[in-house]
Amino acid sequence: MKTNGSERIRVIAFATVLLFLVLTVRLLQLQVLQGEKFKRLSNENRLRIEKVPAPRGIIYDRNGIPLVKNSPYYCVSLLPEMLKKTDLNAIAKFLNIDAEELNRKIENRKPFEPIKLKGGLSFKEVAFIEARLSDYPALIIDVEETRHYLYGKVGAHLIGYLGKLNPSQAKRPDFKDIPREAFIGQWGVEKLFDKTLRGIPGKRVIEVDALGRQLRLLHEEPPVKGDDLYLSIDINLQKAAEEAFGRRTGALVALKPSTGEILSLVSRPSFDPNLFARGISYTDWLRLIRSRKAPMLNRALQSQYPPGSTFKLITAIAALEKEVIKPETTFNCTGGISHGRWSFGCWKPGGHGTLSLYRAITESCDVYFYLAGKEAGINSIAEYARQFGLGEETGIRLVKEKTGLIPDKAWKKRVKNEPWYLGETYNASIGQGYVLTTPAQLAMMISAISNGGYIYEPRLTRIESPVEPVRKVKVKKETLDIIKDALRGVVADEHGTGYAARSTVVDIGGKTGTAQVISAKRRQQVPEALRDHAWFVAFAPVENPEIALVVFVEHGGHGSETAAPIAKKAIEAYLSPKENKSEDR
Amino acid sequence: MSFGKTYDRWLLIITLLLTGFGMLMIYSSTSVVTPTLAKRNITEFYYFKKHLFTVAVGLIVMFAASKVSPALLRKLAIPLLLVSFVLLILVFVPGIGVSAGGAKRWIRLWPSTFQPSELVKLAMVIFLARFMSMPEYRADRFFYFFMPVAIMGIFQVVFLGQPDFGAAMSLGVLTIGMLFLSGVRLRYIASLLLFCIPIVIKLLQEPYRLKRITSFLDPWKDAKGSGFQLVQSFIALGSGGLTGVGLGKSRQKLDFLPEVHTDFIFSMIGEELGFIVATIVVVLFAVIFLRGVSIANRAKSDFVYYLSYGLSMMLAFQALVNFSVVTGLLPTKGLPLPFISYGGSSLFVNMIAVGILINVSRPEQEQKTKDDLTEIIKRKKAKRAVYGDAL
């Protein structure tokens, strides 16, 4: 049995002894041949590992206008390996920081990891510290980059801001390689496209002497700059839109009907992302989140209200598609109808008289749509509303969206355990009652009406090649043409409710809407906080639309007064001749 | 007693020499109370005192092991393997198992902890020696190859669950090494490569795992993170040079080199005492191995033959892996240096191995007449029966 083994034991014994020999040679190499190199590192020298931050990618608008800039940012750090005990208090004193806290930081760090003491130094402060570097070799002055948002509050909700890695993110594996002090995208596009913009930090392993002077670069990996990002928005449109709002609160969402690109996304009031660029101060943060006007709320996506008369377009489409009315069908508006004990009025006290669909839309007659909605039925209205993307998230991932609400009989049974009443159909037909939409949803709706019924995925980045729509609504082209023709009338006709949006530059189609806050008859005389919200959905040019948008003004009263002029200004800013645009900044 | 002249003295002397040297170096590495240690109320003699106790127990264990006859050891082979398996499983039992750094490798054992994976190695060697020395054992039959590999596989699964890749690797190499020795067909061993295929696929699919394993090849790349320990080990060894910076004068032990008193003690030996002493340590381990080989070659029974080879391989392999890790030839795995590193489990098991080797190094007649513990007890009982309490 051992016969075969005796040969093999020789193999094993020989191999083992050989391995011991290899180890001795390795020791000889490490200790004697390379010994000097390591001795140098150990004795008076130490290693310093520096992370070289990667320049963050620049964000541009669709026309290549830069929206952000990386500016130098000076900060002073401390390398505790170089610290003499007596220095600590002196350093804390002349930098005006808490020595106790500094001590705690030193204890919790990894070896050779510099501790950031103070950022955002002025040139004067840098010079002051620079002069003392020879006394305190543990101090290091670094130049980092900070983000400067060139347009300030304009587009802040969309562009977003940077922030420090928060503790819960620090535990997640996808942020593993990010240094604790680093800034990453925490809001808006900066957050959504953080990985694209971030780049890969470089690294320098440096040999330094006892005074912190650099002796030699042992290893270097250059940083890789983050990719630039071209957004879908047009910053001039964005700016014009925000200016048009003035002091009013509200939102605007503009889409390119042929692609779904977001041309502008406004939420007013806005905030200044530059406050966040290097860590927002506690008082600034409190001011932002405690403000009664809630500037951090993205009203384009997170506020939902009854769409008011803008919803009549859905009622009209449902009634036409179900063939319960024809364009030439007329109803007689006497200023209201009654149903049992209840009466449902038209906004025009005396009534509109006998009118067809075209005038019903241009003059926004409530009675016509009560009756058209009654013929179509709530379930048909809901069916078409959903086809146009109402009652569901649009998929703009900037913030957690509100879904809105499109009621039908099943919904009411499920939620309220009650049957659906005709009066509720009347309310829903004119976009009141249970119906709720966000501005972004109405933008999707008007975009699809204007482009022949195609629903595109809303996009935040510029599209380089044509995209396929997500779906096409099941509505005949003639139906949409009838609606579009009436929408042109809303703005162009003398009695049209959107007359205030009429432009000399371009042919605009649109529809006003009012979301009731209280049901008082004389809404115009109530204080602003109780006044109705104003809607306006629009697109232009009517024939071959390049822009579709929604304007929402909180407590703006009737859509024709406040919302329509904003829409007009935004559209003109986008469609008027684009000269010297990229030289603006 | 007259057996003194016949056992392998060198083996005992070198073992005691390395153990004593280990005590000295453990004192050196832990006597400087760095701020990190001071925070945990650890004083100058804290580790040394604990280690002193461990060594004392280790010597008793070694002596006891040297009194266990091969026949008894043979009988104990399977129970020992089962016991080691149970202990290994206890690691997962809350309250008994102790986890550190995300790994569950220890069981609570007053006043300290015990690492069952160390015992598993010993139990496996004894079991394999018994298995291969069975009269019906046929090295050219796949069944006799497959059986031990399957048993090893069960242990491997537990190791990977802990996780303890170092122990898994040690047990694998040890088992395959002994099977190779017994003369199994090489293609059986080659067939084990099939098991590597899923591992290779996984590594190719998830390159970061491969990167983690191969990061030891270039520790400078991440000198602050994954390569930190190795870079510090290099600095320690390198700054030692030919003759060292002097006993007790290591700089690297000042919080720079993690685990300096356990897995990385050899780096500090190299720093304080230099290449010459470090090489002597390496040579001493090689001599232990060669003494073991020579004991095996003199063995009169197959059991003792395989047992001696297995134990010598076990000792040599642990030392080789530890040396390779601290010199950057193998990825960093938690394996202590036998006899020298701080830590009881490893010391006890290695002491037992030496005790067994010392015992079997004696001529077989003497073992039979003098060392069979049961025999001795029987004889004493017989004497007592004759002379009564007068003795």
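Residues numbered from 1 in each chain as written. Chains lettered and ligands numbered in written order. Predicted model: local features only at pLDDT ≥ 70, side-chain atom pairs only at ≥ 80, totals over all residues. Heavy atoms only, no water.

1. What to know about the overall build of chain B
Phase 1 of the analysis: Regarding its fold elements, chain B presents 16 helices and three strands.
Phase 2 of the analysis: Within chain B, the fraction of its 391 residues that count as buried is 53%.
Phase 3 of the analysis: Of the contacts formed within chain B by residues at least 6 apart in sequence, a portion of 72% connects residues at least 24 apart.
Phase 4 of the analysis: Carbon and sulfur atoms provide 69% of the accessible area of chain B, an area that totals close to 17,700 Å². (Helix = DSSP H or I, 4+ residues; strand = E, 2+ residues; numbered from the N terminus. Buried < 20%, exposed > 50% of the residue type's maximum accessible area, 1.4 Å probe, protein only. Contact = heavy atoms within 4.5 Å. Areas by Shrake-Rupley, 256 points an atom, 1.4 Å probe, with all protein chains shown as cover.)

2. Considering the pattern of salt bridges
All names here are of chain A.
Phase 1 of the analysis: One pass over the structure, following the stated rule, counts 28 salt bridges over all chains.
Phase 2 of the analysis: Close ionic contact of lysine 312 with aspartate 366 constitutes a salt bridge, the shortest N to O distance being 2.6 Å. Of this pair, lysine 312 sits in helix α13 (residues 312-321) while aspartate 366 sits in helix α15 (residues 366-376), and the two are 54 residues apart along the sequence.
Phase 3 of the analysis: The salt bridge involving lysine 476 is made with glutamate 323; its shortest N-O contact spans 4.0 Å. With lysine 476 in the loop between β18 (471-472) and α20 (477-492) and glutamate 323 in the loop between α13 and β13 (331-333), this residue pair connects regions lying 153 residues apart in the sequence.
Phase 4 of the analysis: Looking at lysine 476, the relative accessible area reads 35%, which means it is partly exposed.
Phase 5 of the analysis: In this structure, a network of salt bridges that share partners links the residues Arg56, Arg147, Glu190, Asp194 and Arg198. (Salt bridge = Lys/Arg side-chain N within 4 Å of Asp/Glu carboxyl O.)

3. A short note on helix α3 (residues 46-65) of chain B
Think of an α-helix as 3.6 residues a turn; residues three or four steps apart then line up on the same face.
Residue and element names in this part refer to chain B.
Phase 1 of the analysis: Here α3 contains 20 residues, and its C-alpha end-to-end distance of 29 Å stays within 8% of the 28 Å for a straight helix at 1.5 Å per residue.
Phase 2 of the analysis: Looking at α3, one finds that the buried residues are Tyr47, His51, Thr54, Val55, Gly58, Met62 and Ala65. Along the axis of α3, the buried residues cluster in a sector spanning 105°; they form a single face. Facing away from the buried side of α3 by more than 90 degrees, the exposed set consists of Lys49, Phe53, Ile60 and Phe63. (Expected span 1.5 Å × (residues − 1). Arc of directions from axis to C-beta.)

4. A few points about the layout of surface pockets
Residue and element names in this part refer to chain B.
Phase 1 of the analysis: Within this model, the second largest pocket holds a volume of roughly 2,100 Å³.
Phase 2 of the analysis: When residues of the lining of the second largest pocket are traced back to their parent elements, those giving at least two are β2 (103-109), α6 (142-161), α7 (165-181), α9 (193-205), α10 (207-214) and α11 (228-240).
Phase 3 of the analysis: With eight residues, α6 is the largest single contributor of residues to the lining of the second largest pocket. (1 Å grid on protein atoms, 1.4 Å probe; cavity = no way out; pocket = protein on both sides within 12 Å on 5 of 7 lines; lining within 4 Å. Points joined across faces, edges and corners; volume = space filled by probe spheres on them.)

5. Topic: the sheet that holds strand β3 (residues 68-78) of chain A
The strands making up a sheet associate through hydrogen bonds between their backbones, and the pairing can be parallel or antiparallel.
Residue and element names in this part refer to chain A.
Phase 1 of the analysis: Strand order in the open sheet formed by three strands is β4-β3-β5, and the pairing between neighbours is antiparallel. A strand with exactly one partner marks an edge of an open sheet, and here the two such strands are β4 (115-118) and β5 (139-149). Put simply, the sheet's adjacent strands are angled 50° from each other on average, direction ignored.
Phase 2 of the analysis: Against the sheet, helix α4 (residues 99-107) contacts β3 and β4, and its axis sits at roughly 160° relative to β4. (Pairing = 2+ DSSP bridges. Axes fitted to C-alpha atoms, helices over the stretch in contact; angles between N-to-C directions.)

6. A word on the interface of chain A and chain B
Phase 1 of the analysis: Every contact between the two is made by 40 residues of chain A and, on the other side, 53 residues of chain B.
Phase 2 of the analysis: Interface of chain A and chain B: buried area, both sides summed, is about 4,200 Å²; carbon and sulfur atoms make up 72% of it.
Phase 3 of the analysis: In this assembly, chain A and chain B are joined by zero salt bridges.
Phase 4 of the analysis: Counting across the chain A and chain B interface gives five residue pairs in polar contact (both at pLDDT 80 or more).
Phase 5 of the analysis: Breaking the side of chain A that touches chain B down by element, the ones donating at least two residues are α1 (2-33), α2 (35-42), β1 (46-52), β8 (202-208) and β9 (214-221) of chain A.
Phase 6 of the analysis: It is α1 of chain A that provides the largest number of residues to the side of chain A that touches chain B, a total of 21 residues.
Phase 7 of the analysis: Of the residues in the side of chain A that touches chain B, the class split is 21 nonpolar, 10 polar and nine charged. (Buried area = accessible area lost by both parts, 1.4 Å probe. Polar contact = N/O pair within 3.5 Å; in protein donor to acceptor, adjacent residues only side chain to side chain. Nonpolar A, V, L, I, M, F, W, Y, C, P; charged D, E, K, R; others polar.)

7. Remarks on the packing of aromatic side chains
Phase 1 of the analysis: The final tally for this structure, using the stated rule, is 35 aromatic pairs over all chains.
Phase 2 of the analysis: Centre to centre, the rings of tyrosine 161 of chain A and phenylalanine 271 of chain A are 5.8 Å apart; their planes meet at 80°, and the pair counts as edge-to-face. Remark: phenylalanine 271 of chain A occurs in the loop between β12 (262-268) and α11 (282-290) and tyrosine 161 of chain A occurs in the loop between α6 (156-159) and β6 (162-164); sequence separation between them is 110 residues. Here tyrosine 161 of chain A and phenylalanine 271 of chain A have matching classes, each one buried.
Phase 3 of the analysis: Considering the side-chain rings of tyrosine 161 of chain A and phenylalanine 276 of chain A, the 3.6 Å spacing of their centres and the 10° angle between planes classify their relative orientation as stacked. One end of the pair, tyrosine 161 of chain A, is in the loop between α6 and β6; the other, phenylalanine 276 of chain A, is in the loop between β12 and α11, and 115 residues separate them in sequence. Across the pair, exposure class does not vary: tyrosine 161 of chain A and phenylalanine 276 of chain A are buried alike.
Phase 4 of the analysis: Members of the aromatic cluster, connected to one another through ring pairs, are Tyr161, Trp187, Phe271, Phe276 and Trp285 of chain A.
Phase 5 of the analysis: Over the ring of phenylalanine 180 of chain B we find arginine 8 of chain A; its NZ or CZ atom is 4.7 Å from the centre of that ring.
Phase 6 of the analysis: Lysine 472 of chain A extends its terminal NZ or CZ atom over the ring of tyrosine 454 of chain A, reaching a point 5.6 Å from the ring centre. (Phe/Tyr/Trp six-rings, centres within 6.5 Å; stacked < 30°, edge-to-face > 60°. Lys NZ or Arg CZ within 6 Å of the ring centre and 35° of its normal.)

8. What about the side chain of aspartate 164 of chain B?
All names here are of chain B.
Phase 1 of the analysis: Mapped onto the secondary structure, aspartate 164 falls in the loop between α6 and α7.
Phase 2 of the analysis: A polar side-chain atom of aspartate 164 sits 3.1 Å from the main-chain amide nitrogen of alanine 167.
Phase 3 of the analysis: Apart from the residues within four sequence positions on either side, aspartate 164 is in contact with Arg105, Gln115, Ser117 and Phe159.

9. Description of the environment of isoleucine 151 of chain B
Residues and elements named next belong to chain B.
Phase 1 of the analysis: One can find isoleucine 151 in helix α6.
Phase 2 of the analysis: As for isoleucine 151 and methionine 124, which are separated by 27 residues in sequence, their C-alpha atoms are 9.2 Å apart.
Phase 3 of the analysis: Setting aside anything within four residues of it in sequence, one finds isoleucine 151 in contact with Leu81, Met124 and Phe127.

10. Observations regarding the nonpolar core
Phase 1 of the analysis: Counting 125 residues, the largest nonpolar core has Leu18, Tyr137, Phe266, Phe285, Leu307, Phe323 and Ile340 of chain B as its most contacted members.
Phase 2 of the analysis: Broken down by element, this core gets its largest block of residues, 18 residues, from helix α13 (residues 302-326) of chain B.
Phase 3 of the analysis: Those residues within four positions of isoleucine 340 of chain B in sequence are excluded, and the remaining contacts are Leu18, Phe21, Gly22, Ile26, Ile265, Ile269, Val281 and Phe285 of chain B.
Phase 4 of the analysis: Leu162, Tyr384, Leu398 and Val435 of chain A belong to the second-largest nonpolar core, a separate cluster that totals 101 residues. (Core = buried A, V, L, I, M, F, W, Y, C linked by side-chain atoms within 4.5 Å.)

11. Focus on the packing of helix α5 (residues 116-132) of chain B against α13 of chain B
All names here are of chain B.
Phase 1 of the analysis: α13 packs onto α5 with a crossing angle of 150° between their chain directions and a minimal axis gap of 8 Å. Relative to α13, α5 is oriented roughly antiparallel. The way α5 lies across α13 gives a crossing that is right-handed. Every residue of α13 that contacts α5 at Glu118, Lys121, Leu122, Val125, Ile126, Ala129, Arg130 and Met132 is listed here: Phe303, Tyr306, Leu307, Gly310, Leu311, Met314 and Gln318.
Phase 2 of the analysis: Here the residues of the contact of α5 with α13 sort into 10 nonpolar, two polar and three charged. (Parallel < 35°, antiparallel > 145°, perpendicular 65-115°, else oblique. Left-handed = near helix turned anticlockwise from the far one by under 90°.)

12. A short note on the sheet that holds strand β1 (residues 97-100) of chain B
Residues and elements named next belong to chain B.
Phase 1 of the analysis: If you walk across this open sheet you meet the three strands as β1-β2-β3, and the pairing is antiparallel. Each having just a single partner strand, β1 and β3 (112-114) make up the two edges of the open sheet. Strand-to-strand twist across the sheet, computed as the mean angle between neighbouring axes with direction ignored, equals 50°.
Phase 2 of the analysis: Both β2 and β3 contribute to a ladder of three bridges, which runs antiparallel. Each residue of the ladder has a partner; that of arginine 108, found in β3, is threonine 113.

13. Considering the environment of leucine 158 of chain A
Residues and elements named next belong to chain A.
Phase 1 of the analysis: Looking at where leucine 158 falls in the secondary structure, it is placed in helix α6.
Phase 2 of the analysis: The buried category is assigned to leucine 158, whose relative accessible area is 0%.
Phase 3 of the analysis: A sequence separation of 140 residues divides leucine 158 from asparagine 298, and the C-alpha atoms of the two residues are 8.9 Å apart.
Phase 4 of the analysis: Leaving out residues up to four positions away in the same chain, leucine 158 has contacts with Gly188, Val189, Leu231, Ile233, Ile262, Leu265, Leu398 and Leu460.

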